[in-house]
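Commentary on secondary and tertiary structure
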Amino acid sequence: MVLLAAIGVGAFFLFFRKNQTDPKEKQIQVLDAYFEAMSDMDFDTIYRLNAPDSDERFNVGTDRVSLTELLTDKYGYYRGIFDQSTYMFGRFREMFMKSYGFPDCDLDDYREVNKDPDLFREHYKDFEAEYDLISLENASEYEISYGNGRRTVEDMAEYIADDMGLDVEDVYIAKIHIYWSYGDKEYGYDKSWWDNEKYREVVGESGPYDENIGKKVQTYREYVDYYDNLEYNVFLYEVDGEWYIYNINMRENGYGWSVD
C-alpha cells in the first residue's frame, strides 16, 4: 500500500511537472523552428509560425510580397541582410552587388533573384541564422509599450487578440541574441570590401549608438560587435494550445516595442 501510494504521488508530481514545463518547451520549439526555417529559406514555415492558417487568414505569401521585403520588412532583423541595397547602393553599388554574388552589377538580375523563391534560395543558400535564449517569461512580468514608448499595453494577450482577430490564451516574451551571416559576411557585412574611411563619409553620424563603447559605431569590427550584443524581444502567443510568434519582424529593444 505504501509503495503504491508512493508511486501514485510520484506519478502525480511527474505529470504536474511535465504540464508545468511543456508550455516553455513548446515556445522554444517555435523559436527553433523559426531560425531553422530562416536558414533554410522555408517561407511557408515562417508564415505558419506567425498565426494559425496564416496564408489564408492574413493574406500573406511569397506570391504577394517580394522575398527581400519578407526578410527585411516583415520577417527580418533590424538591419536586414538585403536592406543595404536601398540605403547604400547609390555610393557602394558595385561593392555590395559583387559581395552578394552579382559580379556584373546587373540590377535587373538582382531584382529577378529577389522575387523568385527558387532563385532566391539557390542564390542565398549560404545564409544562416541562429539565436541564444536569454530569458523566457510571461508577458505579465513586463511593462510593455510601443510607438517609442508612447502607448502602454496593459494586457498583451488582449492586444494581440484584437490585432489578429484570434482568441489568444497567453503571451510570453523571449529575450534573445540573434546571430546571422551570409557566408563569411557577419550580419551582411563583407570585410573584404570594407573601407572605414569611405564608409564614414557616407554614414557620417547616422550609425547606431553602442552603449558599450560610448559612441556611434563606424568601423567593421564595431558594427559586428554591436549586433553581437543586441537584445531582441520576441512575443510568443498561444491559440488553442499552440504557440506562434507575434510581430515576427524581430526588433531590438527600444525600436517600435519597448519591454522592460
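Residues numbered from 1 in each chain as written. Predicted model: local features only at pLDDT ≥ 70, side-chain atom pairs only at ≥ 80, totals over all residues. Heavy atoms only, no water.

In terms of regular secondary structure, the protein chain is built from 10 helices and 10 strands. Across the 260 residues that make up the protein chain, the buried fraction comes to 47%. In the protein chain, of all internal contacts separated by at least 6 residues, the share reaching a separation of at least 24 is 67%. As presented, the protein chain carries roughly 14200 Å² of accessible surface, and 45% of it is formed by carbon and sulfur atoms. (Helix = DSSP H or I, 4+ residues; strand = E, 2+ residues; numbered from the N terminus. Buried < 20%, exposed > 50% of the residue type's maximum accessible area, 1.4 Å probe, protein only. Contact = heavy atoms within 4.5 Å. Areas by Shrake-Rupley, 256 points an atom, 1.4 Å probe, with all protein chains shown as cover.)

This next bit is on the nonpolar core. Y124, I176, Y189, Y227 and L236 are the most contacted members of the largest nonpolar core, which totals 47 residues. A139, I160, V168 and W257 belong to the second-largest nonpolar core, a separate cluster that totals 21 residues. (Core = buried A, V, L, I, M, F, W, Y, C linked by side-chain atoms within 4.5 Å.)

Take the sheet that holds strand β10 (residues 257-259) next. As summarised here, the arrangement of the 3 strands in space is β3-β2-β10, forming an open sheet in which the pairing is antiparallel. Pairing within the sheet leaves two strands with one partner each, and these edge strands are β3 (151-153) and β10. Strand after strand, the sheet turns through a mean of 25° between neighbouring axes, direction not considered. In terms of strand pairing, strand β2 (residues 144-146) meets β10 through 3 bridges, oriented antiparallel. What sits directly across from Y146, in β10, is W257. (Pairing = 2+ DSSP bridges. Axes fitted to C-alpha atoms, helices over the stretch in contact; angles between N-to-C directions.)

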